[in-house]
Amino acid sequence: GHPSPPVLRAIPTADGVYRVAFPHAKSAVDVIGEIEWSGDLTTWRRSGESDGTRTVTISTAPVSGGNEDPETLEATATVTGESPTMFFLRLSVRP
């Protein structure tokens, strides 16, 4: 069988702020990884986009030592507007 995809858990750290950490291979220069968000697992949005009741801004920064490869990146999602009853993040990878 195929291995299960890794599960990333977004941790709420403050009212409307969620953080998630994930590995990133520094040699993966031919692809772009971007955290997207959803309130329903159907429609996915990028940082700065709104669903009509809330806007989510997502920033990503390394949190591991400079020599580590893969490095650990942490994404911080800040929700403004109506507080979500459900909130999901995913890592979208594209060429």
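All of the points below concern the structure found in this document. Per chain, residue numbering runs from 1 following the sequence as it is written. Owing to the predicted nature of the model, reporting of local features is limited to residues with pLDDT of at least 70; listing and counting of side-chain atom pairs is limited to 80 or more, with chain, interface and lining totals taken over all residues. Note that water and hydrogens are dropped before the side-chain values are worked out from all heavy atoms of the structure.

A look at the overall build of the chain
Helix and strand definitions follow DSSP, with helices as H or I runs of at least four residues and strands as E runs of at least two, each counted in order from the N terminus. From N to C terminus, the chain includes zero helices and six strands. Each helix and strand of the chain, placed in order from N terminus to C terminus, yields the pattern β-β-β-β-β-β. Expressed along its principal axes, the backbone C-alpha trace of the chain runs to roughly 40 × 35 × 25 Å. Burial classification: accessible surface area is computed with a 1.4 Å probe over protein chains only, and a residue below 20% of its type maximum counts as buried, one above 50% as exposed, and the rest as partly exposed. Residue burial in the chain is summarised as follows: out of 95 residues, 24% are buried. Each accessible area is a Shrake-Rupley result for a 1.4 Å probe, and residues are judged covered by the shown protein chains and nothing else. Counting only carbon and sulfur atoms, one obtains 53% of the accessible surface of the chain, whose full area is about 6,300 Å².

Description of the sheet that holds strand β1 (residues 11–14)
Reading across from one edge, β1-β2-β5-β4 is the order of the four strands in this open sheet, with antiparallel pairing throughout. The open sheet has two edge strands with one neighbour each: β1 and β4 (54–62). Each strand axis lies, on average, 30° off the axis of its neighbour in the sheet, ignoring direction. Pairing between strands is defined by DSSP: at least two bridges between them are needed. Judged from the eight bridges that link them, strand β2 (residues 17–24) and strand β5 (residues 71–81) form a sheet pairing that is antiparallel. Residue pairing for β5: V17 is matched across the bridge by T78. Angles here are taken between N-to-C directions and fall from 0 to 180 degrees, while the axes themselves are lines fitted to C-alpha atoms, restricted in helices to the stretch in contact.

Notes on the nonpolar core
Side-chain atoms within 4.5 Å are what join buried Ala, Val, Leu, Ile, Met, Phe, Trp, Tyr and Cys residues into a set we call a nonpolar core. Counting 12 residues, the largest nonpolar core is built from Y18, V20, F22, I35, W37, V56, I58, L73, A75, A77, V79 and F87. The set of elements that each furnish at least two residues to this core consists of β2, β3 (32–38), β4 and β5. For this core, the element with the most residues is β5, which contributes four residues. When near neighbours in sequence (up to four residues on either side) are disregarded, I58 contacts I35, E36, W37, S47, A75, T76, A77 and L89. Residue contacts follow a heavy-atom distance rule, with two residues in contact if any of their heavy atoms lie within 4.5 Å.

Digging into the pairing of β1
Along any regular strand the residues' side chains alternate between the sheet's two faces. Bridge analysis of β1 against β2 gives three bridges, and the strand direction is antiparallel. Bridge assignment links I11 to a residue of β2, and that residue is R19. Linking two consecutive strands that pair antiparallel, namely β1 and β2, is a turn of two residues; a positive phi of about 80° is found at G16 within it.

Focus: unusual backbone geometry
Following D69, the chain continues into P70 via a peptide bond in cis, with omega recorded as 10°. Structurally, the position occupied by P70 is in the loop between β4 and β5. Of note, the phi angle at L41 is positive, near 65°, even though the residue is not glycine. Topologically, L41 is positioned in the loop between β3 and β4.

Considerations on the pattern of salt bridges
When a carboxyl oxygen of Asp or Glu is within 4 Å of a side-chain nitrogen of Lys or Arg, the pair counts as a salt bridge. Summed over all chains, the structure comprises seven salt bridges. The partner of R19 in a salt bridge is E74, and the shortest N-O contact between them spans 3.5 Å. Remark: E74 occurs in strand β5 and R19 occurs in strand β2; sequence separation between them is 55 residues. The exposure class of E74 is partly exposed, given its relative accessible area of 25%. Across the pair D51 and R54 runs a salt bridge, and its minimum N-O distance is 2.6 Å. Within the structure, one salt-bridge network assembled from shared partners comprises E34, E36, R46, R90 and R94.

Interpretation note: all reported values are geometric properties and have no functional meaning in isolation.
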